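Architecture and fold: a report
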Amino acid sequence: MTAGQKMIGENGKENLLFPLEYMYVGTGYLPNGEHSETYWAMDFYGYDSNGRVERCPYYAPCSCHAVRVSKSSSNPYVIWESDNPVNYIDGTIDYVYFLVAHDWDINDFNVGDTRAQGDLLGHTGNYGISTGDHLHMYLGKGHYTGWTNVGTADNPIWRFASQYHIYNAMGINDTVIVRSGGNPWKEFTPNVGPTPTKKDIMPLSLCNALKWSV
């Protein structure tokens, strides 16, 4: 999506959009960029037509409000929840909540903050435990209800109770795909639904050459 972009489906609900103008999926633990089979977070590098960008702006994918803010120096994040049910790219209609982490200035955020779709939400950053500037994003379906442990007491694995694959939730309208991670990203079409998957704009050989560690 682009700055100020808004998109409403024929049902009058906002279409959930990917929050960056360019997409470069970071290298995750899984080949598609997700962190693990039990934790579907993804890292995205700031990017523009000239290459990688630090402190890259990202935008509100829907009208939303902050429901949880962690300003911990080791684990900084903000969880936003949609003000109303939204259209997911896979045809789902529901509330959505999403976490963004490592913003370059976490002190800008407080519980209760609101943003309209297309408003500036923040900037990619390197705050907390991180080895490079990026946007760490994680998404759940419905209302935010906290974290759940899918591991053990001795080896906890924390995730959202209703986590959702980002590529099944967000449409990539007006986002330039640089590196997709091989995921089936799709666009909303006006008043209809998703269109065929977008492909990476770079040859695979060039994508392999442009790697950063996060």
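This is a predicted model, so every value here is computed, not measured.

Helix and strand counts for the protein chain come out as one helix and 18 strands. By the burial criterion, 50% of the 214 residues in the protein chain qualify as buried.

This part is about the pairing of strand β6 (residues 64-71). Pairing of β6 with strand β7 (residues 76-82) involves seven bridges; the strand directions are antiparallel. Each residue of the ladder has a partner; that of Val 69, found in β7, is Val 78. Between β6 and β7, which pair antiparallel in sequence order, lie four residues. Two strands pair when backbone bridges link them, and β6 and strand β11 (residues 114-115) are joined in this way by two bridges, in the antiparallel orientation. Following the sheet pairing, His 65 is matched in β11 by Thr 114.

With antiparallel pairing, six strands are arranged side by side in an open sheet as β2-β13-β10-β7-β6-β11. Of all the strands in the sheet, just β2 (42-44) and β11 have a single pairing partner and so form its edges.

Residues of the protein chain with pLDDT of at least 70 account for 86%, and the chain-wide mean is 86. Every residue in residues 191-196 scores below 50 in pLDDT, and together they form 12 contacts with partners more than four places removed in sequence or on other chains. Under a pLDDT of 50 for its full length, residues 203-214 has, in the predicted model, 22 contacts with residues more than four places off or in other chains.

Checked against the element boundaries, Asn 32 lands in the loop between β1 (22-24) and β2. Separated by 3.0 Å, the side chain of Asn 32 and the backbone nitrogen of Glu 34 make a polar contact. For Asn 32, the contacting residues outside a window of four places in its chain are Val 25, Met 42, Tyr 167, Gly 181 and Asn 183.

So, on to unusual backbone geometry. Where the residue is not glycine, phi is negative for most of them; where a peptide bond is considered, it is trans in most cases. A positive phi angle, close to 75°, is found at His 102, a residue other than glycine. Examined against the element boundaries, His 102 turns out to sit in the loop between β10 (96-101) and β11. Even without glycine at this site, Asp 174 takes up a positive phi of about 65°. In this fold, Asp 174 is placed in the loop between β15 (158-160) and β16 (176-179).

What follows concerns the state of the cysteines. Counted according to the given criterion, the structure contains zero disulfides. Cys 62 takes part in no disulfide bond, and the closest cysteine sulfur, belonging to Cys 64, lies 5.0 Å away.

A separate point is the side chain of Asp 113. Here Asp 113 lies in the loop between β10 and β11. Put simply, Asp 113 is tucked away with no salt bridge, and the nearest opposite charge, on Arg 115, sits 4.6 Å away. Of the polar contacts made by the side chain of Asp 113, one reaches the backbone nitrogen of Asn 110; its length is 2.8 Å.

Before going further, it helps to spend a moment on the packing of aromatic side chains. The final tally for this structure, using the stated rule, is 17 aromatic pairs. Aromatic rings pair up to connect Tyr 39, Tyr 77, Tyr 97, Tyr 138, Tyr 144, Trp 147 and Phe 160 into one cluster. It is Arg 52 that lies over the ring of Tyr 45; its NZ or CZ is 4.1 Å from the centre.

Okay, the nonpolar core next. Formed by 35 residues in total, the largest nonpolar core has its most connected members in Phe 44, Trp 80, Leu 139 and Trp 185. Of all the secondary-structure elements, those providing two or more residues to this core are β2, β6, β7, β10 and β13 (135-141). Beyond its immediate chain neighbours, meaning those up to four positions away, Phe 44 contacts Phe 18, Leu 20, Met 23, Tyr 24, Val 25, Gly 26, His 134, Leu 135, Met 137, Ile 166 and Trp 185. One finds Tyr 39, Trp 40, Ile 79 and Phe 160 within the second-largest nonpolar core, a separate group that totals 11 residues.

The rules behind these values
Residues numbered from 1 in each chain as written. Predicted model: local features only at pLDDT ≥ 70, side-chain atom pairs only at ≥ 80, totals over all residues. Heavy atoms only, no water. Helix = DSSP H or I, 4+ residues; strand = E, 2+ residues; numbered from the N terminus. Buried < 20%, exposed > 50% of the residue type's maximum accessible area, 1.4 Å probe, protein only. Pairing = 2+ DSSP bridges. pLDDT = per-residue confidence, 0-100. Contact = heavy atoms within 4.5 Å. Polar contact = N/O pair within 3.5 Å; in protein donor to acceptor, adjacent residues only side chain to side chain. Disulfide = S-S within 2.5 Å. Lys, Arg positive; Asp, Glu negative; His and termini not counted. Salt bridge = Lys/Arg side-chain N within 4 Å of Asp/Glu carboxyl O. Phe/Tyr/Trp six-rings, centres within 6.5 Å; stacked < 30°, edge-to-face > 60°. Lys NZ or Arg CZ within 6 Å of the ring centre and 35° of its normal. Core = buried A, V, L, I, M, F, W, Y, C linked by side-chain atoms within 4.5 Å.

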